[in-house]
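# Chains, contacts and geometry: an overview
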Amino acid sequence: MNRARDPLAEACGSVALVLALNKPVYPLYVWFLAESAFPISLLTALSMPFYIAVWWLARRGKSFLARLGMVAVGTADTIFIAFILGGESGTLIFLFACIMLAGMGFHAREVWLSRALIGLIFVLFVALYGRIGAPVRPVTPDDMQTLDYLNTTGAAALAAFIALRFFRSRAEAVTPPA
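Residues numbered from 1 in each chain as written. Predicted model: local features only at pLDDT ≥ 70, side-chain atom pairs only at ≥ 80, totals over all residues. Heavy atoms only, no water.

### Things to note about the side chain of D77
Its location among the elements puts D77 in helix α5 (residues 63–85). Only 2.8 Å separates the side chain of D77 from the side chain of Y51, close enough to count as a polar contact. When neighbours within four sequence positions are excluded, D77 is seen to be in contact with K23, T44, S47 and Y51. (Helix = DSSP H or I, 4+ residues; strand = E, 2+ residues; numbered from the N terminus. Polar contact = N/O pair within 3.5 Å; in protein donor to acceptor, adjacent residues only side chain to side chain. Contact = heavy atoms within 4.5 Å.)

The structure is reproduced here in structure tokens:
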């Protein structure tokens, strides 16, 4: 198969793979740092197959599906986990990484889709911030504060990875496939 290389899809695939590989590790962090949240943190691994699917799409040359899938899976996963871990867990901060993906993961000819996704994710953040209740299972106040720190630093690390990975993709960019 002779498919045109798409550095943006490759970057989305890299992000998806990093997130998929992190899914089984996150509950271990929680177990050591915020033990009362450990049982519900296991639910965060449910989205791992979706990230693997995005990575697979990127590897198979399904550029548009991989790029759109990365934004959609990331956004849905973030909102799902926010409802599981509760509004005070800091999980919604990961929506900023989703906004970055929506802004950086599309070609110039897809600007309106990119803008629509950015707007949608922003509206979701504004609509949900401060309105998500308690976690599905009680978490101690100290552990909730630890979760907030863990998720905030995790989102910052993800944003840094996205910025570095997409910068390289832009530098390597070839004429995007039609």
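Okay, back to it.
### Re the layout of surface pockets
Computed from the structure, the largest pocket encloses a volume of approximately 510 Å³. Residue lining of the largest pocket: 25 residues in total, with L19, N22, F94, G154 and L158 positioned closest to the centre. When contributions to the lining of the largest pocket are tallied by element, the ones reaching two or more residues are α1 (7–22), α2 (26–33), α5, α6 (94–104) and α8 (141–172). Considering only residue class, the lining of the largest pocket consists of 15 nonpolar, eight polar and two charged. (1 Å grid on protein atoms, 1.4 Å probe; cavity = no way out; pocket = protein on both sides within 12 Å on 5 of 7 lines; lining within 4 Å. Points joined across faces, edges and corners; volume = space filled by probe spheres on them. Nonpolar A, V, L, I, M, F, W, Y, C, P; charged D, E, K, R; others polar.)

### Focus: the nonpolar core
In terms of nonpolar packing, the biggest core is built from 32 residues, with V15, M70 and F166 touching the most fellow members. Counting residues per element, the ones that place at least two in this core are α1, α4 (48–59), α5, α6, α7 (111–128) and α8. If we skip the residues at most four places from it in the chain, V15 touches M70, L101, L158, F161, I162 and F166. Membership of the second largest hydrophobic core comes to twelve residues, among which are Y26, A37, I81 and L147. (Core = buried A, V, L, I, M, F, W, Y, C linked by side-chain atoms within 4.5 Å. Buried < 20%, exposed > 50% of the residue type's maximum accessible area, 1.4 Å probe, protein only.)

### Describing the pattern of salt bridges
Tallied over the full model, the rule gives four salt bridges. As a salt-bridge pair, E10 and R5 come within 3.1 Å of each other at their nearest N and O atoms. Classification of E10 by relative accessible area gives partly exposed; the value is 30%. Between D77 and K23 there is a salt bridge, with the nearest N and O atoms lying 2.7 Å from each other. Highlighted residues: D77 in helix α5 and K23 in the loop between α1 and α2, separated in sequence by 54 residues. A residue is classified by how much of its surface remains accessible, and K23, at 8% relative accessible area, is buried. Linked through salt bridges whose partners overlap, the residues forming this network are D6, R67 and E110. (Salt bridge = Lys/Arg side-chain N within 4 Å of Asp/Glu carboxyl O.)

### Focus: the packing of aromatic side chains
If you walk through the whole model with that rule in mind, you get four aromatic pairs. Judged by centre distance (5.3 Å) and plane angle (35 degrees), the rings of F125 and Y129 are tilted. In this structure F125 comes out as buried when scored by relative accessible area, which is 12%. Looking at Y129, the relative accessible area reads 51%, which means it is exposed. Here a set of aromatic residues connected by ring pairs shows up, and it is made of W31, F32 and F38. Over the aromatic face of W112 sits the side chain of R115, whose NZ or CZ is 4.7 Å from the ring centroid. (Phe/Tyr/Trp six-rings, centres within 6.5 Å; stacked < 30°, edge-to-face > 60°. Lys NZ or Arg CZ within 6 Å of the ring centre and 35° of its normal.)

It is worth stressing that arrangement in space is one thing and function is another; only the former is reported here.
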